[in-house]
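# Results of the structural survey
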Amino acid sequence: MKCRDRYYPRTNGTVERLTVSDDKVSWKVLWDNYNPPDFTFEHIKKQAWADPEIGDSNFIPSWNKLDGNVDRRSHMGFYTFWGGYPQNPCGRTGLRGRGLLGRWGPNHAADPVVTRWKRGQDGHQITDKMTNKPLLQFIGIRRRDCGQWAIPGGMVDPGELVSTTLKREFLEEALNTLELDTEGQENIEKLLGDFFSWGAEIYKGYVDDPRNTDNAWIETVVYNFHDDKGVIVGSLPFSAGDDAISVKWLDVSNALNLYASHSDFIKLVALKHNAHW
Ligand code: RP5
Ligand code: MG
Ligand code: MG
């Protein structure tokens, strides 16, 4: 859905996707003259961390495999090819190329969902009046690129363990550790202790991200780190950093309208805790 919006993100309406109706999303539905525009940002092509163009003589990727340090496997199973280009496992998006994404095929991300129970002044848990279920809260950030609220996630660096990415992105975006001196960073490590060692996997797979194209897409691993008593997370000095411009506790409910498919991930977290949604 979100990668079939008319305009590609950050192009000021200059890059328009071909309209793909719901019934034509699947590659299994024949569309003989399907010929969407081809777009990759010039600055992406120049990045050392990004893939070269397909057909470049120096670029001999091992598709669907761990390619050196670069994980080109998909959580969705084996992806197929058309004309030498990987095909988005969820179907047509109306745009070829990589857009804003660095890799052809899957671009791996990780999303840490840090939660606590919503409590009143006196510390008692707050329950929703309609569903009679306790209210959960999670740390959300406002994205610098589009202004939408989101989970403080980010891309997995080549060779990086997903467990490292989950903690690193949370620290960078919700605790602004990139701007802290050693003392500040050590203080946060002390407050956190082993908090990030006790996560639960919530989801693994495709993300409906507006940056996706027919040939490049984001996949993620979502982990929930829950602080049942709220003492650890209650002591953290939250401050937005890196690609986040604000950070705050957001109440978990179906009124959330988050970036990409992040609301779906939060719903899974709510179900896991039998919290209000
Ligand atoms: C998302 O893009 C993923 O779920 C993750 O939150 C994010 C990673 O991209 P950046 O935040 O690094 O732009 O949809
Ligand atoms: Mg980041
Ligand atoms: Mg991010």
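Before reading on, note that the structure itself is shown above.
The model shown is predicted, which means the values in this text are computed figures rather than measured ones. (Residues numbered from 1 in each chain as written. Chains lettered and ligands numbered in written order. Predicted model: local features only at pLDDT ≥ 70, side-chain atom pairs only at ≥ 80, totals over all residues. Heavy atoms only, no water.)

### Digging into the environment of Tyr 259
Take Tyr 259: it is sitting in the loop between strand S13 (244-251) and helix H5 (262-272). For Tyr 259, a relative accessible area of 3% translates into the label buried. Here the alpha-carbon distance between Tyr 259 and Asp 214, two residues 45 residues apart in the chain, equals 20 Å. Ignoring anything within four residues of it in the chain, the contact list for Tyr 259 reads Lys 2, Arg 143, Cys 146, Gln 148, Trp 149, Ala 150, Asp 209, Pro 210 and Arg 211. (Helix = DSSP H or I, 4+ residues; strand = E, 2+ residues; numbered from the N terminus. Buried < 20%, exposed > 50% of the residue type's maximum accessible area, 1.4 Å probe, protein only. Contact = heavy atoms within 4.5 Å.)

### Some points on the coordination of the magnesium ion (ligand 3)
Those donors, Gly 153 (O) and Glu 173 (OE), are the protein atoms that reach the magnesium ion (ligand 3), and they lie 2.2 to 2.3 Å from it. The metal-metal distance between the magnesium ion (ligand 3) and the magnesium ion (ligand 2) is 3.4 Å, with Glu 173 coordinating both. On the criterion of sequence distance, the pair formed by Gly 153 in the loop between strand S9 (149-150) and strand S10 (154-155) and Glu 173 in helix H2 (residues 162-174) is long-range, its members being 20 residues apart. This pair shows no difference in class: Gly 153 is buried, exactly as Glu 173 is. (Donors = N, O, S within 2.8 Å, 3.2 Å for Na, K, Ca; no water.)

### With respect to the site of ligand 1
Around ligand 1 lies a shell of 13 residues, among which Asp 111, Arg 143, Asp 209, Arg 211 and His 262 are the nearest. At 2.5 Å from an oxygen atom of ligand 1 is found a side-chain nitrogen or oxygen belonging to Asp 111. In this structure, an oxygen atom belonging to ligand 1 sits 2.6 Å away from a side-chain N or O atom of Asp 209. For ligand 1, the protein covers 93% of the area, taking 360 Å² as the surface of the free molecule. For the shell around ligand 1, the class distribution of residues is five nonpolar, three polar and five charged. (Near = heavy atom within 4 Å. Polar contact = N/O pair within 3.5 Å; in protein donor to acceptor, adjacent residues only side chain to side chain. Areas by Shrake-Rupley, 256 points an atom, 1.4 Å probe, with all protein chains shown as cover. Nonpolar A, V, L, I, M, F, W, Y, C, P; charged D, E, K, R; others polar.)

### Quick word on the coordination of the magnesium ion (ligand 2)
Coordination of the magnesium ion (ligand 2) by the protein comes from Glu 169 (OE) and Glu 173 (OE), over a distance range of 2.1 to 2.3 Å. Exposure remark for Glu 173: the relative accessible area of 1% places this residue in the buried category.

### Some points on the pairing of strand S12 (residues 216-227)
Most of S12 is tucked away, with ten of its twelve residues classed as buried. Judged from the six bridges that link them, strand S11 (residues 200-206) and S12 form a sheet pairing that is antiparallel. Looking at S12, one finds that Tyr 203 is bridged to Val 222. (Pairing = 2+ DSSP bridges.)

### Digging into H5
Residues of H5 that are buried: His 262, Ser 263, Phe 265, Ile 266, Val 269 and Ala 270. Relative to the axis of H5, the buried residues are bounded by an arc of 160° and lie together on one face. Among the structural elements, strand S7 (105-117), strand S8 (136-143), S9, S11 and S12 are those in contact with the buried residues of H5. Downstream of H5 by one or two residues, Asn 274 has phi in the positive range, about 50°. (Arc of directions from axis to C-beta.)

### Remarks on unusual backbone geometry
You will see that Asn 64, though not glycine, has its phi angle at about 60°, which is positive. Taking the relative accessible area as the measure of exposure, Asn 64 reaches 13% and is therefore buried. One non-glycine residue, Asn 176, lies in the positive phi region at around 50°. Relative to the helices and strands, Asn 176 is located in the loop between H2 and helix H3 (182-192).

### Observations regarding the nonpolar core
Generally speaking, nonpolar side chains in soluble globular proteins are found buried as a group. The biggest cluster of nonpolar side chains holds 43 residues, and the ones touching the most others in it are Val 114, Phe 138, Phe 196 and Ile 266. Elements with a minimum of two residues in this core: S7, S8, H2, H3, S12, S13 and H5. Here this core gets five residues from one element, more than from any other, and that element is S7. If sequence neighbours within four positions are ignored, Ile 266 has contacts with Val 113, Phe 138, Ile 151, Val 252, Leu 256, Leu 258 and Trp 277. Within the second largest apolar cluster, eight residues are counted, among which are Val 15, Phe 39, Phe 41 and Leu 100. (Core = buried A, V, L, I, M, F, W, Y, C linked by side-chain atoms within 4.5 Å.)

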